[in-house]
Each structure stands twice: as C-alpha cells, then as structure tokens.
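Reading the structure
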Amino acid sequence: MKKKRVTLALQGGGAFGAFTWGVLDAFLEDDRFEIVGVSGTSAGAMNAVVLLEGLAEGGPHRAREQLAEFWRAVSFDGSLPTLEREVMESFMSIWDPFKLRLTVAQKTTEIFSPYFLNPLELNPLREVMERLIDFELVRRTNYPKLFVAATNVQTGKARLFQRPEMTADMLMASACLPTMFKAVEIDGEFYWDGGYMGNPSLYPLYTETDCADIILVQINPIRRDNIPRTSPEIMERLNEITFNSPLLQEFRAIDFVSRLIDSGRLDGTHYKKVRLHLVSGGESVDRYGATAKVNADFSMFEDLFQIGRTAAEEFLQEHFDSIGVRGTLDLKEELV
C-alpha cells in the first residue's frame, strides 16, 4: 500500500514532550506515513531531531530506539550527574517560572539571571544530544525537511533553522529558557526559546514542502474550563496563553486562506489549502497538572508515552482515511 505523505508539527512542553514520544512511536510502528517534513520547538525540536537522525541511521525501527534512548537519558533514572539533574529539573519547569522564583530565597531580579545562577552554562540537554545524535548525518540530506524554531533576542523575530545547517547550538537555541540559560549565540545573533514566536511554526511545512497535510501534536491546551486561582496555576495559564498565541495566529491565517480558496478568490495563485489534523493528550495529560512539568522521573515519561501511543492509535483509527482528502481539525471551533 502506498504511504500517505504528511508533515509533523511538534509542540514544546518540557517533560510533557514524552507524550509526543509516544505519538511518534505509534506512527513509526504503524508505518503507513511518509514523513515529508517536521517542525519542532524546544522539547518538540528535540523529538524532531532524534526522530530524523534515527530514520537516517536505520529507518523507523532505529528511530523508535533513538527516541526511547533520549527520554531515558534525560530522566532522573538516566546517567546525569547530580548537579546536571538539578539543571534538568529546572529545564523541565520551563512553563513555570514562578516555581523557579520560589526555589530562590532572594527577591532581587538580578539573582534570577542565568548569568548568575548558571555561570558555568551547565546544559545536560546539550550533552545528551551530542552523545546521541550524529549531527553530520542529520545535515547530510534535506529529506525529510526539518524546521527548528528559535526567537531572536534582539529583533523579537522567529528564526527557523533547517536540516542542512543543523547543529547542537541551534537545537539548544530552540530550548533556551531565558530564566535558565544564557542566550545562545549563532553567527553573531542571540537566541531564546522558539516557543515565544512559534510553538511550533506551521508555515514552513506548507510553504517549503509540497505536502498539504499537517499533523499537529499538541501538548499545551488552548482552552481550559477551570479558572486558575493559586499563583502557580495563574503563572501556568499565562505561559500557556503566551506560548499558544503564535499558533492561534497561524490557525487564523490558514482559516482565512482556506475560506478564500473555497470561494474561488485565489484561483490561479500559488496558495494551497492546508489540511490540518490534531493529536492531543487532552484530559489524560492535563490530569498531571502544572507541577508535573518539572518531573523528570522515567516512570512518568513512560506513562505519558503510553498516553501518546493511545492518542495516536485512536487518531489513526478515526482519521487515517481523511489524510490527503480533508482536514480533521475544526479551525472554527479552535478559534471561537
């Protein structure tokens, strides 16, 4: 059977990126997709690079092994030294800067700067990625395409790093939390976490590939019914809104162009209708609550992995036949 061509958009979300690991594992095991391109931010970028390096090294089976090795390596059950584990715990709290403040018994803003808190620039993620990933192999081809988002500190604009240029620095830039790490310098420019401008960026998947089907793997909920009341809950919701804002803007743009295409007003132009699909953990992931994003226990990763696999299997059962035919994500509902 001919494989269906898709692109993947992978959100960042700290420890909850293990949910995406489960989704990817199910897709790779199913093996009915041809992955044309992948866009990822922060933890989503980590998953993306590990996935593509594994595919290049040995196909779907090796990609599944590489993803499992990565999530084991960044867990507390992995081989990280004690000091690096503490840094990793702070990284896992990327959407919860309030928690970081509570762990520091100082009230001056200066003490929160990574230039003081982390002067040695300890970054266990870099060490894990450099150990696991053959970046030369990643750069050797440009298929599937890869887009890793980072935010330019000085201009406030998004920068998309692509596969032929990919380095560990570029991956670290996508996951560079301003409260934890110094801005990453690349070619004289400085970068922070890509989630501020694209979590993840969708547009390169339909402008830089000839594939119209995008499967978004969503970690951070757009809507929550409960009103946050505690300080950590308020900070968590503020961060979710902040990091979902660029995604909602892209939803609006895609919906607007789709309506123009349907009305015939863009006939003969280069615009194409994008077919969006969604895999989300929903309540199964949300039940962990905000504080779980700082948890790096492998047992939790395994649980999120299973939730991701289940969500992917349900998606395949319900929507596989629609891929290549029509989108299954109702943008009007998402934008209301």
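What you see is a predicted model, and the numbers here were worked out from it, not measured in a lab.

1. Section: helix H10 (residues 231–262)
Along an α-helix, residues three or four positions apart point the same way, because every turn accommodates 3.6 residues. Relative to the 46 Å expected for 32 residues at 1.5 Å per residue, H10 spans 45 Å between its end C-alpha atoms, a close match to the ideal helical length. Taking the largest bend as the criterion, H10 deviates by roughly 40 degrees, centred on Ser245, and proline Pro246 comes between one and four positions later. Following H10 by one or two positions, Gly264 adopts a phi angle in the positive range, close to 85 degrees.

2. Let's talk about the packing of aromatic side chains
Throughout the structure, instances matching the rule amount to nine aromatic pairs. Geometrically, the ring pair formed by Phe27 and Phe315 is tilted, given 6.1 Å between the ring centres and 50 degrees between the ring planes. Here Phe27, found in helix H1 (residues 17–30), pairs with Phe315, found in helix H12 (residues 298–319); they are 288 residues apart in sequence, far enough to count as distant. Take Phe27: its relative accessible area is 5%, and that puts it in the buried class. Taking relative accessible area as the criterion, Phe315 reaches 4% and is therefore assigned buried. With a centroid separation of 5.7 Å and an interplanar angle of 40 degrees, the aromatic rings of Phe33 and Phe320 are classed as tilted. Of this pair, Phe33 sits in strand E2 (residues 33–40) while Phe320 is found in the loop between H12 and helix H13 (331–335), placing the two residues 287 residues apart along the sequence. Phe33 gets classed as buried once you look at its relative accessible area, which sits at 8%. Judged by relative accessible area, which is 5%, Phe320 ranks as buried. Members of the aromatic cluster, connected to one another through ring pairs, are Phe27, Phe33, Phe315 and Phe320. Taking NZ or CZ as reference, Arg72 lies 3.7 Å from the ring centre of Phe298, over its face.

3. Thoughts on the nonpolar core
By size, the foremost hydrophobic cluster in this structure holds 72 residues, and its most contacted members are Leu8, Phe27, Met129 and Phe301. Ranked by residues supplied to this core, first place goes to helix H2 (residues 43–73) with 12 residues. Formed by 15 residues, the second largest nonpolar core is a distinct cluster that contains Ala9, Leu205, Leu276 and Leu331.

4. Comments concerning the environment of Glu34
Within the secondary structure layout, Glu34 lies in strand E2. Spatially, the C-alpha atom of Glu34 lies 6.2 Å from that of Val6, the residues being 28 residues apart in sequence. Once residues within four sequence positions are removed from consideration, Glu34 is found in contact with Lys3, Lys4, Arg5, Val6 and Tyr143. Engagement of the side chain of Glu34 in a polar contact is seen with the side chain of Tyr143, the distance being 2.3 Å.

5. Section: the pairing of strand E1 (residues 4–10)
Of all seven residues that make up E1, five are buried, and the element is covered over most of its length. The pairing of E1 with E2 spans seven bridges and is classified as parallel. Paired with Lys4 across the bridge in E2 is Phe33. Once the chain exits E1 it traverses H1 before rejoining the sheet at E2, and the crossover so formed is right-handed. Pairing analysis gives four bridges linking E1 to strand E7 (residues 213–218), with the strands arranged parallel. Across the sheet, the residue bridging to Leu8 is Ile215, located in E7.

6. What to know about the pattern of salt bridges
Tallying each qualifying case throughout the model produces 22 salt bridges. In this structure, the salt-bridge partner of Arg309 is Asp25, at a minimum N-O distance of 2.5 Å. With Arg309 in helix H12 and Asp25 in helix H1, this pair connects stretches of sequence that are 284 residues apart. Using a relative accessible area of 12% as the deciding quantity, one classes Arg309 as buried. Residue Glu29 pairs with Arg309 through a salt bridge whose shortest N-O separation is 2.6 Å.

7. Quick notes on H1
Counted at 1.5 Å a residue, the expected span for H1 with its 14 residues is 20 Å, and the 20 Å between its end C-alpha atoms agrees. Extensive coverage of H1 is indicated by the burial of 12 of its 14 residues. Turning to H1, its buried residues are Gly17, Ala18, Phe19, Thr20, Trp21, Gly22, Val23, Leu24, Asp25, Ala26, Phe27 and Leu28. Phi for Asp31, located one or two positions after H1, is positive at around 60 degrees.

8. Observations regarding the packing of H1 against H2
Direction vectors running N to C along H1 and H2 enclose 150 degrees, while the axes themselves pass 9 Å from each other. Accordingly, the angle class assigned to the pair H1 and H2 is roughly antiparallel. Classified by chirality, the crossing of H2 by H1 is left-handed. Along its contact with H1, which presents Gly17, Ala18, Thr20, Trp21, Leu24, Asp25, Leu28 and Glu29, the element H2 presents Asn47, Leu51, Leu55, Pro60, Ala63, Arg64, Leu67, Ala68 and Trp71. Looking at the contact of H1 with H2 residue by residue, the class counts come to 11 nonpolar, three polar and three charged.

9. Observations concerning the confidence of the model for the protein chain
Confidence in the prediction of the protein chain, expressed as mean pLDDT, is 86, and 84% of residues score 70 or more. Throughout residues 93–111 the model reports pLDDT below 50, and contacts reaching past four residues in sequence, or to other chains, amount to 37 contacts.

Thresholds applied
- Residues numbered from 1 in each chain as written.
- Predicted model: local features only at pLDDT ≥ 70, side-chain atom pairs only at ≥ 80, totals over all residues.
- Heavy atoms only, no water.
- Helix = DSSP H or I, 4+ residues; strand = E, 2+ residues; numbered from the N terminus.
- Expected span 1.5 Å × (residues − 1).
- Bend = angle between axes of the 7 residues up to and from the residue.
- Phe/Tyr/Trp six-rings, centres within 6.5 Å; stacked < 30°, edge-to-face > 60°.
- Buried < 20%, exposed > 50% of the residue type's maximum accessible area, 1.4 Å probe, protein only.
- Lys NZ or Arg CZ within 6 Å of the ring centre and 35° of its normal.
- Core = buried A, V, L, I, M, F, W, Y, C linked by side-chain atoms within 4.5 Å.
- Contact = heavy atoms within 4.5 Å.
- Polar contact = N/O pair within 3.5 Å; in protein donor to acceptor, adjacent residues only side chain to side chain.
- Pairing = 2+ DSSP bridges.
- Right-handed = clockwise from strand over helix to strand, strands pointing away.
- Salt bridge = Lys/Arg side-chain N within 4 Å of Asp/Glu carboxyl O.
- Axes fitted to C-alpha atoms, helices over the stretch in contact; angles between N-to-C directions.
- Parallel < 35°, antiparallel > 145°, perpendicular 65-115°, else oblique.
- Left-handed = near helix turned anticlockwise from the far one by under 90°.
- Nonpolar A, V, L, I, M, F, W, Y, C, P; charged D, E, K, R; others polar.
- pLDDT = per-residue confidence, 0-100.

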